[in-house]
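The primary structure of each chain is shown beneath.
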Amino acid sequence: MFVKKLNKVCLLGVRNVSGRGQAAARLYSEARDLGRPPPPTRPETSGAANLMDIGTRRIFNEDHDLFRQSVRRFFSEEVIPYHGEMYSNCTGPGFAMHSDIVMPYICNYGTGQQIQRFVPKMAAGRCIGAIAMTEPGAGSDLQGLKTYAKRDGGGWILNGNKVFITNGWMSDLVVVVAVTDREAQSAAHGISLFLVESGTRGFQKGGKLEKIGLKAQDTAELFFDDVRLPGDALLGEPNKGFYYLMNELPQERLVIAVMAVAGCEFMFQETRNYVMQRKAFGKTVADLQTVQHTLAELKTEICVGRAFLDNCIQLHAEKRLDGATASMAKYWATDLQNKVATRCLQLHGGWGYMWEYPIAKAFVDCRIQPIYGGTNEIMKELIGRSIVRRK
């Protein structure tokens, strides 16, 4: 019910926001091309009283503001009162994984029948999605996969196991990445994607893995033992899976960057509020010059990151975000998030090490960000290759 309610809020917002957001971008572009004054400007994050203020950032308009208000109100009314053992920044399933990563695979590469069968249920929150790439011996190196699907008449037989799968334990549908041609000229030419439903014979879920952070969101190991799949379980064309992954990974990495910068803004505001009321040496901690300098450095770096990220969001809306730029956003934003977490926790002093404080939870939550979605070392490899590539 929780996921269903949130998806309803998000779907209503996205319907209003996506088209009008692109329309706003066109207005700016047309005004520039015709030499006209641009539409009224909105304050940027750097000039806002609060980094989390609604009504800022030029890539947004009033429809985005209403959408953001709806989502915040939903969490205030439906989540916070029932947190219990769950905690700040992470409640329930991986929403971004479900909505922004898994569903696009089905929408972009699925047949009409697959789209009709799964997307309405996923949008309604009745079917939780996951994607299974990582294996015990293959993380960022997707070409090292061992999970194998072989043809069996008109269907397939799937064998292998996956690990660190977000939404894995509570998933109803998993997009499984598997090798389908071991004789291909390269591993990239022999990978396919399959839609595997929970309850399929031979498909077993391991227990929820114990992580140091993101404790309210399940991560699990998945096992496939002679799983028989019908022919229509194949997503897209056979042996085109690696191509599909490369097409969709920029959005996944952009999503991670979005969460990272939003996390930075949250931690900064929590810390600012704390030092403004915490007393030391007869005055507030915020009155100390060294604290002010730290806050100045953090805000500057966050605002620089926000400006680059908003540019990437605009490029993505125009379908012009390339893989290297998405990798830059992911590595830069997640490294920054961990830096901000460390320095903000330090400004909390001993209380920052206490689990009851949001900064402590944010500190452990953000440590995974430079790892999943492709490690930041891999991001730098991809960026580097784009720099020295010979045409």
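This text goes with the structure placed above it.
Residues numbered from 1 in each chain as written. Predicted model: local features only at pLDDT ≥ 70, side-chain atom pairs only at ≥ 80, totals over all residues. Heavy atoms only, no water.

Engineer: It is not clear to me how the environment of Arg57 should be interpreted in this structure. Could you clarify?
Structural biologist: Its place among the elements puts Arg57 in the loop between helix H1 (2-33) and helix H2 (62-78). Overall, the relative accessible area of 7% leaves Arg57 in the buried class. Arg57 sits 250 residues away from Ala307 along the chain, and the two C-alpha atoms are 8.9 Å apart. The contact partners of Arg57, leaving out residues within four places of it in the chain, are Arg42, Pro43, Glu44, Thr45, Arg68, Arg306, Asp310 and Ile313. A polar contact is formed between the side chain of Arg57 and the side chain of Asp310, at a distance of 2.6 Å. (Helix = DSSP H or I, 4+ residues; strand = E, 2+ residues; numbered from the N terminus. Buried < 20%, exposed > 50% of the residue type's maximum accessible area, 1.4 Å probe, protein only. Contact = heavy atoms within 4.5 Å. Polar contact = N/O pair within 3.5 Å; in protein donor to acceptor, adjacent residues only side chain to side chain.)

Engineer: What is the right way to look at the packing of helix H6 (residues 289-317) against helix H7 (residues 323-347) in this model?
Structural biologist: Between two packed helices, what matters for the description is the angle formed by their axes and the separation of those axes. At a minimum axis separation of 10 Å, H6 and H7 run at an interaxial angle of 160°. Relative to H7, H6 is oriented roughly antiparallel. In this structure, H6 crosses over H7, and the sense of that crossing is left-handed. Residues Val291, Thr294, Leu295, Glu297, Leu298, Glu301, Ile302, Gly305, Phe308 and Cys312 of H6 form the contact with H7, whose participating residues are Thr325, Met328, Ala329, Trp332, Leu336, Lys339, Val340, Arg343, Cys344 and Leu347. Of the residues belonging to the contact of H6 with H7, the class tally is 13 nonpolar, three polar and four charged. (Axes fitted to C-alpha atoms, helices over the stretch in contact; angles between N-to-C directions. Parallel < 35°, antiparallel > 145°, perpendicular 65-115°, else oblique. Left-handed = near helix turned anticlockwise from the far one by under 90°. Nonpolar A, V, L, I, M, F, W, Y, C, P; charged D, E, K, R; others polar.)

Engineer: What's the story with helix H8 (residues 358-365) in this structure? I'm lost.
Structural biologist: Each α-helix winds once per 3.6 residues, and so residues spaced three or four apart point in a common direction. Within H8, six of the eight residues are buried, leaving the element largely enclosed by the surrounding structure. For H8, every residue scored as buried is listed here: Ile359, Ala360, Lys361, Ala362, Val364 and Asp365. In this structure, the buried residues of H8 make contact with helix H5 (241-277) and H7.

Engineer: Teacher, can you tell me more about unusual backbone geometry here?
Structural biologist: Most peptide bonds adopt trans geometry, and most residues besides glycine take a negative phi value. Despite not being glycine, Leu214 shows a phi value in the positive range, around 45°. In this structure, Leu214 sits in the loop between strand S6 (203-208) and strand S7 (219-229). The buried category is assigned to Leu214, whose relative accessible area is 13%. Phi at Asn239 takes a positive value of approximately 65°, unusual for a residue other than glycine. Considering the arrangement of structural elements, one finds Asn239 in the loop between strand S8 (234-235) and H5.

Engineer: Teacher, can you tell me more about the pairing of strand S1 (residues 129-132) here?
Structural biologist: A regular strand places its side chains on the two faces of the sheet in alternate fashion. Both faces of S1 are covered, namely the face carrying Gly129 and Ile131 and the face carrying Ala130 and Ala132. Two elements, S1 and strand S4 (residues 173-179), share four bridges in a ladder whose sense is parallel. If you follow Ala132 over to S4, its bridge partner there is Val176. (Pairing = 2+ DSSP bridges.)

Engineer: Any chance you could explain the pattern of salt bridges here in plain terms?
Structural biologist: As a working rule, side chains carrying opposite charge can pair if their charged atoms are close by. Inspection of every chain in the model, using the stated rule, returns 13 salt bridges. For the salt bridge of Arg228 with Asp152, the shortest nitrogen-to-oxygen distance reads 2.6 Å. Placement of the pair is Arg228 in strand S7 and Asp152 in strand S2 (residues 148-152), with a sequence separation of 76 residues. The exposed category is assigned to Arg228, whose relative accessible area is 55%. Taking relative accessible area as the criterion, Asp152 reaches 35% and is therefore assigned partly exposed. (Salt bridge = Lys/Arg side-chain N within 4 Å of Asp/Glu carboxyl O.)

Engineer: How should the side chain of Asp65 be read in this particular structure?
Structural biologist: In this fold, Asp65 is placed in helix H2. A residue is classified by how much of its surface remains accessible, and Asp65, at 10% relative accessible area, is buried. In contact with Asp65, other than residues within four places in its own chain, are Arg42, Ile54 and Gly55.

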